[in-house]
Amino acid sequence: MNILLWTLQILLAFWNLTGGIFTFSHYEELRSPAASDFPKAFWVALCALQVLFAIGMVVPKLTPIAAGYLAVNALLGCVWAAKYAGFPGMLWGVIPAILCVFVVYGRMVLKPF
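Residues numbered from 1 in each chain as written. Predicted model: local features only at pLDDT ≥ 70, side-chain atom pairs only at ≥ 80, totals over all residues. Heavy atoms only, no water.

K.L.:
With reference to specific residues and values, describe helix 5 (residues 91–110).
P.N.:
Here helix 5 is 20 residues long and its end C-alpha atoms lie 27 Å apart, about the 28 Å a rise of 1.5 Å per residue gives. Those residues of helix 5 that sit buried are Gly93, Pro96, Ala97, Cys100, Val103, Gly106 and Arg107. Against helix 1 (2–25) and helix 4 (63–84) lie the buried residues of helix 5. The first or second residue beyond helix 5 is Lys111, which carries a positive phi of 50°. (Helix = DSSP H or I, 4+ residues; strand = E, 2+ residues; numbered from the N terminus. Expected span 1.5 Å × (residues − 1). Buried < 20%, exposed > 50% of the residue type's maximum accessible area, 1.4 Å probe, protein only. Contact = heavy atoms within 4.5 Å.)

So, in structure tokens, the structure goes:
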């Protein structure tokens, strides 16, 4: 179980790290009517938090907190995307959120460090 959790943590960290960096560096390209609802400073802060918590996924003491934040972040992103884009892109947020919740459960309840 420990190997499975570490593998998921590393993959989720990479997923969120690349997502945060991509969103930050391609903000103008990704800008849409939906993105213009929030100021650029909001997006920069959101990307910075995503990168920081992605790094926290591989720090043993911070893993449950980081995974919890990333799950909430992904689910809120799904809600926001559903408002503007509909269902097609939601699985890109739902599946990582479910995996993050599994990591939180594995690290908090099973405690296989």
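K.L.:
An account of a nonpolar patch on the surface is needed here, citing residue identities and associated values.
P.N.:
A contiguous nonpolar surface patch, about 590 Å² in accessible area, is contributed by Met1, Leu4, Tyr105, Met108, Val109 and Leu110. If one sorts the elements of the nonpolar patch by residue count, helix 5 sits on top with four residues. Here Leu110 lies in helix 5. (Patch = residues over 30% accessible without salt bridge, like charges linked within 9 Å, V, L, I, M, F, W, Y side chains within 5 Å. Areas by Shrake-Rupley, 256 points an atom, 1.4 Å probe, with all protein chains shown as cover. Salt bridge = Lys/Arg side-chain N within 4 Å of Asp/Glu carboxyl O.)

K.L.:
How would you sum up the side chain of Thr63? Please name residues and give values.
P.N.:
Inspection of the secondary structure assignment puts Thr63 in helix 4. A distance of 3.2 Å separates a polar atom in the side chain of Thr63 from the backbone oxygen of Met57. Not counting chain neighbours up to four residues away, the residues in contact with Thr63 comprise Gln9, Gly56, Met57, Val103 and Arg107. (Polar contact = N/O pair within 3.5 Å; in protein donor to acceptor, adjacent residues only side chain to side chain.)

K.L.:
Would you mind going over the packing of aromatic side chains in detail, with residue names and values included?
P.N.:
The final tally for this structure, using the stated rule, is three aromatic pairs. Judged by centre distance (5.8 Å) and plane angle (5°), the ring pair of Trp15 and Trp92 falls under stacked. Here Trp92 lies in helix 5 and Trp15 lies in helix 1, a separation of 77 residues in the sequence. Considering the side-chain rings of Phe42 and Trp43, the 5.7 Å spacing of their centres and the 75° angle between planes classify their relative orientation as edge-to-face. (Phe/Tyr/Trp six-rings, centres within 6.5 Å; stacked < 30°, edge-to-face > 60°.)

K.L.:
Requested: an account of the nonpolar core, with residues and values cited.
P.N.:
Core analysis: the biggest nonpolar cluster contains eleven residues, these being Leu5, Leu8, Leu12, Ala13, Met57, Ala66, Ala67, Leu70, Ala71, Cys100 and Val103. Those elements that provide at least two residues to this core are helix 1, helix 4 and helix 5. (Core = buried A, V, L, I, M, F, W, Y, C linked by side-chain atoms within 4.5 Å.)

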